[in-house]
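Read off the chains here:
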Amino acid sequence: MATLGEHSERAGSRLRAAVHLASTAVGSIVDPVTERDRTRRRIVALCAPFATLLAVAGAYPLVEVVRISVSAEQYRSVGFALEAYGTLVTDPYYRGVAFNSLWLAGGTTLASVGVAVPIAHALEKYDLPGEDVLVTLVSFPISLPGIVAAFMILVLLGNNGLVTNLAALLTGRPATDLAIAVSAPGLFVAFCYSMIPRATLILRGTYAELDHAAEEAAQSLGATPWRTFRYVTLPQIRPGITGAVILTFRTGLAIFGTLIVIQTVVVWTLQISRELATGYDIQVAGAMATAYFLFTFAFTALGLRYTDAEVGL
Amino acid sequence: MSVAPSRRFGRGLVTATLLLAVGFLMVPVVLTFVGSFAGEWSGVLPSEFITLQNWREVLGLAETIGSQRSMGWNAILSVGGYTLAVPSELIFSVALALGGVFINLVVGVPIAYAVARYDFRGDEWVNAISVLPLVPGVILGVAFLRAYPDLAGTSFGLIVGYSLLKAPFMVMAVRSEFESMPLQRLEESARSLGASWPRTFLTVIVPNARSGIVSGAIICWTLAAAEFNFSYIVWAKGTQPLALFLQRHISNSSFTKAAAAVSMFFCIIVVITVLLQQVGSRGFDTRG
């Protein structure tokens, strides 16, 4: 009994110390004495509005989603059960959906960043006539939602599409046989339509910080343009490219509107919306949302921590 | 002596890639705009020019039925028999996006200043959290439906969702503007002339950063007006946000009519961008 009392007393004094510490910390913010305290109060005041929005609109709803996804009942958050996650792991259908998401986003990321490097190179290094206009034109699609990107692909590659009909004229085959807009390749191109401008934006930021003197030195020492790019430019922009790959991959995983118009490949985001549309299975949708959040969070954190990635915007 | 292939072709190839990419991105935009004035689009190029029928139907000026239903019109002002009416979907989205921008200003400008001006423990984390999108629209939509089942589909729910989704763009634009300013010097001169700290922030720092703030507002506005994923998940009834209206036309309407709906969206983006740029270059000037 004595030890128990001693324990609780020690715990009590520790608690009192903690409360005291917390109250001085709060006190120094509410009623600052030193300039350092005042600065701290300013920082807290400046961050408070964002923190409030993040807590109310971001953190609390996400916690609710996690709670329903591990709930023992379907429409109320009670108890703890991992049935929804069990479904995701064991059902081969969901594994297929996850695989679709990963290859589609991964493939389009590599293609988009691959195209964005020469675009950024040309825009930042060459003195092209009408460069401002070109920058505006390349940036314009950033503000287009995925549904419009999908429509753009229908205009190019659909049954009525420009490219489709040109190909039909050249080969003599009917246009409907050649239309690829509503197919996996069409979807691939539609993803690239959304992602190339974003990757270009990031890489232009990287190119703007390049050290031109080193390139000029290499050129004047007789290096060909390719060798200059390979051994002088590329090592400098590699962190930027890694950063662009991480951010573009996140964009690719998040694409949804495009898939509503071109519903040929079922990916994670589309499946989430289908869970809600057919039978309102909020538990599985919640588990999918949680899995998505954890995956992108881990992927971004690890990517930024263990690669040389630089994200400069 | 042979010339290295990269010297002969390198620049040409890179430039060609750029031009091809611009073509890939822009040809469908131009074609859509042109096609929206066409009566027929079943061959390689649209034909039967020039008709305004598609635009009239999309804007709700001509009779339409069923799933191809067009915009409703709201009377906002009635003077002596003349009624000033506006397309409801359009105005609704303009207002929603402006609401989102307003919240973005209130939350984004201060945190950008905190990160740019002060060194404090955890500032890297604050920076990372404020510029990386937390979750995509679909996930946030599911979360809103779960946490606020009654509020999620309302205008207020949409505005709050938009503001969280687009906040990183505001923070990035404003922070880079702050970083190019001599913040400490500005703050210290204002303080030494007797201004309190809140006054310094509101009347000296913020007006000086207006070009960054305006460009952040432009970006956030266009992205919020075009937001589809979140709206699609949470929207339940009433006036449709613009992006849903577009999707309905793309999925259900004739090709030329969908082209008119998408072209209308292009026009809005261009008009608002120009408008806000004008505000940025003149409107905030207090010296008259």
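- By the naming in an unreviewed UniProt entry, chain B goes by Putative spermidine/putrescine transport system permease protein and is assigned to Halopenitus persicus.
- Under the UniProt heading Sequence similarities (unreviewed entry), the note attached to chain B is "Belongs to the binding-protein-dependent transport system permease family."

- Chain A has the name Putative spermidine/putrescine transport system permease protein in an unreviewed UniProt entry, where Halopenitus persicus is given as its organism.
- Its UniProt record, at the heading Subcellular location (unreviewed entry), says of chain A: "Cell membrane".
- Taken from UniProt, the Sequence similarities (unreviewed entry) comment for chain A reads in full: "Belongs to the binding-protein-dependent transport system permease family. CysTW subfamily."

### Considerations on the UniProt feature "transmembrane region" (unreviewed entry) in chain A
All names here are of chain A.
Thought 1: Within this numbering scheme, the UniProt entry marks residues 43-63, 102-121, 133-158, 178-196, 247-270 and 282-304 as carrying the feature "transmembrane region" (unreviewed entry).
Thought 2: Helix and strand shares over residues 43-63 are 100% and 0% respectively, and the end C-alpha atoms of the span are 27 Å apart.
Thought 3: Note that residues 102-121 is 100% helix and 0% strand, and that its end C-alpha atoms are spaced 28 Å apart.

### A short note on helix α3 (residues 88-117) of chain B
Residues and elements named next belong to chain B.
Thought 1: Along its 30 residues, α3 runs 43 Å from first to last C-alpha, staying within 8% of the 44 Å computed at 1.5 Å per residue.
Thought 2: Where α3 bends most, at L105, the angle is about 30 degrees.
Thought 3: Most of α3 sits out of view: 22 of its 30 residues are buried.

### Things to note about the packing of helix α2 (residues 35-69) of chain A against helix α5 (residues 137-147) of chain B
Thought 1: Taken N-terminus to C-terminus, the directions of α2 of chain A and α5 of chain B make an angle of 75 degrees; their axes are 8 Å apart at the nearest point. In this view, α2 of chain A runs roughly perpendicular relative to α5 of chain B, as classed from their interaxial angle. For the pair α2 of chain A and α5 of chain B, the contacting residues are A57, Y60, P61, L62, E64, V65 and I68 of chain A in the first and I139, L140, V142, A143, F144, R146 and A147 of chain B in the second.
Thought 2: Among the residues making up the contact of α2 of chain A with α5 of chain B, the classes are represented as 12 nonpolar, no polar and 2 charged.

### Remarks on the layout of surface pockets
Thought 1: Roughly 740 Å³ of volume is contained in the second largest pocket.
Thought 2: Lining the second largest pocket we find 27 residues, and of these H121, Y126, P225 and F229 of chain A together with V14 of chain B sit closest to its centre.
Thought 3: Secondary-structure elements contributing two or more residues to the lining of the second largest pocket are α4 (92-125), α10 (212-220) and α11 (225-254) of chain A together with α1 (5-35) of chain B.
Thought 4: Looking at the lining of the second largest pocket, the element that brings in the most residues is α1 of chain B, giving 9 residues.
Thought 5: Across the lining of the second largest pocket, the residue classes break down as 13 nonpolar, 8 polar and 6 charged.

### As for empty space enclosed by the protein
Thought 1: Considering all chains together, one arrives at 3 cavities of 30 Å³ or more under this definition.
Thought 2: The computed volume of the largest cavity comes to approximately 40 Å³.
Thought 3: Secondary-structure elements contributing two or more residues to the lining of the largest cavity are α2 of chain A together with α6 (155-179) of chain B.
Thought 4: Residues of the lining of the largest cavity, tallied by class, amount to 8 nonpolar, no polar and no charged.

### Regarding the environment of S176 of chain B
Residues and elements named next belong to chain B.
Thought 1: Mapped onto the fold, S176 is located in helix α6.
Thought 2: By relative accessible area, which is 38% here, S176 ends up partly exposed.
Thought 3: As a C-alpha pair, S176 and A112 span 64 residues in sequence and 8.6 Å in three-dimensional space.

### Describing the interface of chain A and chain B
Thought 1: Chain A puts 82 residues into the contact, and the matching count from chain B is 78 residues.
Thought 2: Summing both partners gives a buried area of about 7000 Å² for chain A against chain B, and 82% of it is carried by carbon and sulfur.
Thought 3: Looking at the side of chain A facing chain B, the largest losses of area belong to L46, F50 and F151 of chain A, adding up to 11% of the total buried there.
Thought 4: Where chain A touches chain B, the interface holds 0 salt bridges.
Thought 5: Connecting chain A to chain B are 5 residue pairs in polar contact (both at pLDDT 80 or more).
Thought 6: Residue contributions to the side of chain A that touches chain B peak at 18 residues, all from α2 of chain A.
Thought 7: Of the residues belonging to the side of chain A that touches chain B, the class tally is 63 nonpolar, 14 polar and 5 charged.

Rules and cut-offs
- Residues numbered from 1 in each chain as written.
- Chains lettered and ligands numbered in written order.
- Predicted model: local features only at pLDDT ≥ 70, side-chain atom pairs only at ≥ 80, totals over all residues.
- Heavy atoms only, no water.
- UniProt positions renumbered as here; feature names shortened; annotations may be inferred.
- Helix = DSSP H or I, 4+ residues; strand = E, 2+ residues; numbered from the N terminus.
- Expected span 1.5 Å × (residues − 1).
- Bend = angle between axes of the 7 residues up to and from the residue.
- Buried < 20%, exposed > 50% of the residue type's maximum accessible area, 1.4 Å probe, protein only.
- Axes fitted to C-alpha atoms, helices over the stretch in contact; angles between N-to-C directions.
- Parallel < 35°, antiparallel > 145°, perpendicular 65-115°, else oblique.
- Contact = heavy atoms within 4.5 Å.
- Nonpolar A, V, L, I, M, F, W, Y, C, P; charged D, E, K, R; others polar.
- 1 Å grid on protein atoms, 1.4 Å probe; cavity = no way out; pocket = protein on both sides within 12 Å on 5 of 7 lines; lining within 4 Å.
- Points joined across faces, edges and corners; volume = space filled by probe spheres on them.
- Buried area = accessible area lost by both parts, 1.4 Å probe.
- Salt bridge = Lys/Arg side-chain N within 4 Å of Asp/Glu carboxyl O.
- Polar contact = N/O pair within 3.5 Å; in protein donor to acceptor, adjacent residues only side chain to side chain.

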